[in-house]
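# Notes for the structure review
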Amino acid sequence: MTTSRPLRADALRNHEAIVAAATELFATAGANVPFEEIARRAGVGSATMHRRFSSRAALFEAVYAKQVDDLLEPRAVLDDPRQALEEWLRRFVNFIIGKRAFAEEMAHDTELVLAARRRIYATAEPLLAAAQASGQVRADVSADDVMRMLNGIGLADYPADGQRDRVVEICFRGLRPSGS
């Protein structure tokens, strides 16, 4: 956001509508979709769009921050640690899909990206540790190993429907201890 003070209700609605429209359009049309198209999709005027987001980078940051918040939003607690890990990792892969535009537009060492990475790892590490402690996941892998592998899976292109899901399942099988 461009200000540190709380937004009025109408300004907050406009902000959320712009972020939602940008999220959808970046995913379908790519990083270079015109601001005017985002404003039109959000149902706001061009001036409102530029007042809320003075640059494309500011809009990318707002969309990215919202997606990280959505990824880290608490979900139902599952009793099975491996199942909880796999459910969250599937959400992570869905988060990664379509991030190529973000990778091209955002610097990887900004405070926003670094803070998001810390938050993501702070969620992944205890899930992995619990699954490892239960004996359902190999003890010789780190959260960094798993996150990097799934990042690559999420960013890859797949020519066949369902192929990404198969690759994710192969990854999960590889996380299980030998003989299970």
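Report follows, based on the coordinates. Bear in mind that the values here come from a model prediction, so they are computed numbers and not experimental data.

## What about the overall build of the protein?
Helices and strands together make up the secondary structure of the protein, namely nine helices and zero strands. Ordered by position in the sequence, the α and β elements of the protein form the string α-α-α-α-α-α-α-α-α. If one aligns the C-alpha atoms of the protein with their principal axes, the spans along those axes are about 60 × 40 × 30 Å. Taken across its 180 residues, the protein has 34% of its residues classed as buried. Within the protein, contacts between residues separated by at least 24 positions form 64% of all contacts whose residues are at least 6 apart in sequence. Looking at the protein as shown, the accessible area adds up to about 10200 Å², and 52% of this sits on carbon and sulfur atoms. Measuring between centres, the 24 positive side-chain charges of the protein sit 3 Å from its 25 negative side-chain charges.

## Here's the deal with the pattern of salt bridges
Once their charged atoms are close, side chains differing in charge can pair, the charge on each being opposite to the other. Counted by the stated rule, this structure contains 11 salt bridges. Residue E169 is joined to R90 by a salt bridge in which the shortest nitrogen-to-oxygen separation is 2.3 Å. With a gap of 79 residues between them, E169 in helix 9 (residues 163-175) and R90 in helix 5 (residues 81-96) connect regions that are remote in the sequence. Given a relative accessible area of 28%, E169 falls into the partly exposed group. A salt bridge links D140 to R138, with the shortest nitrogen-to-oxygen separation between them at 2.8 Å. A relative accessible area of 55% places D140 in the exposed class.

## Observations regarding the packing of helix 4 (residues 56-72) against helix 5
One way to put it is that helix 4 packs onto helix 5 with a least axis distance of 10 Å and a crossing angle of 165 degrees. One element, helix 4, and the other, helix 5, form an angle in the roughly antiparallel class. Judged by the twist between their axes, the crossing of helix 4 over helix 5 is right-handed. Across from Y64, Q67, V68, D70, L71 and L72 in helix 4, the residues of helix 5 making contact are W88, R91, F92 and F95.

## Re the packing of aromatic side chains
The tally for this structure, following the rule as stated, stands at four aromatic pairs. Measuring from ring centre to ring centre gives 4.3 Å for F26 and F60, while their planes differ by 10 degrees; the resulting arrangement is stacked. One end of the pair, F26, is in helix 1 (residues 9-29); the other, F60, is in helix 4, and 34 residues separate them in sequence. Looking at F26, the relative accessible area reads 4%, which means it is buried.

## A few points about the nonpolar core
Judged by nonpolar contacts, the single largest core of 29 residues is most densely connected at W88, L89, F92, F95, I120, M147 and L150. Elements that contribute at least two residues to this core include exactly helix 4, helix 5, helix 7 (111-133), helix 8 (143-155) and helix 9. Beyond its immediate chain neighbours, meaning those up to four positions away, L89 contacts V146, M147, L150, F172 and L175. With 19 residues, the next largest nonpolar core counts I18, A21, F35 and I38 among its residues.

## Describing helix 9
Every α-helix winds through 3.6 residues per turn, so residues three or four apart in the chain are directed the same way. Here helix 9 is 13 residues long and its end C-alpha atoms lie 19 Å apart, about the 18 Å a rise of 1.5 Å per residue gives. Listed in full, the buried residues belonging to helix 9 are V168, C171, F172 and L175. Looking straight down helix 9, one finds its buried side chains confined to an arc of 100 degrees; they lie on one side. Exposed and facing more than 90 degrees away from the buried side of helix 9 are I170 and R173.

About the cut-offs
- Residues numbered from 1 in each chain as written.
- Predicted model: local features only at pLDDT ≥ 70, side-chain atom pairs only at ≥ 80, totals over all residues.
- Heavy atoms only, no water.
- Helix = DSSP H or I, 4+ residues; strand = E, 2+ residues; numbered from the N terminus.
- Buried < 20%, exposed > 50% of the residue type's maximum accessible area, 1.4 Å probe, protein only.
- Contact = heavy atoms within 4.5 Å.
- Areas by Shrake-Rupley, 256 points an atom, 1.4 Å probe, with all protein chains shown as cover.
- Lys, Arg positive; Asp, Glu negative; His and termini not counted.
- Charge placed at Lys NZ, Arg CZ, Asp CG, Glu CD.
- Salt bridge = Lys/Arg side-chain N within 4 Å of Asp/Glu carboxyl O.
- Axes fitted to C-alpha atoms, helices over the stretch in contact; angles between N-to-C directions.
- Parallel < 35°, antiparallel > 145°, perpendicular 65-115°, else oblique.
- Left-handed = near helix turned anticlockwise from the far one by under 90°.
- Phe/Tyr/Trp six-rings, centres within 6.5 Å; stacked < 30°, edge-to-face > 60°.
- Core = buried A, V, L, I, M, F, W, Y, C linked by side-chain atoms within 4.5 Å.
- Expected span 1.5 Å × (residues − 1).
- Arc of directions from axis to C-beta.

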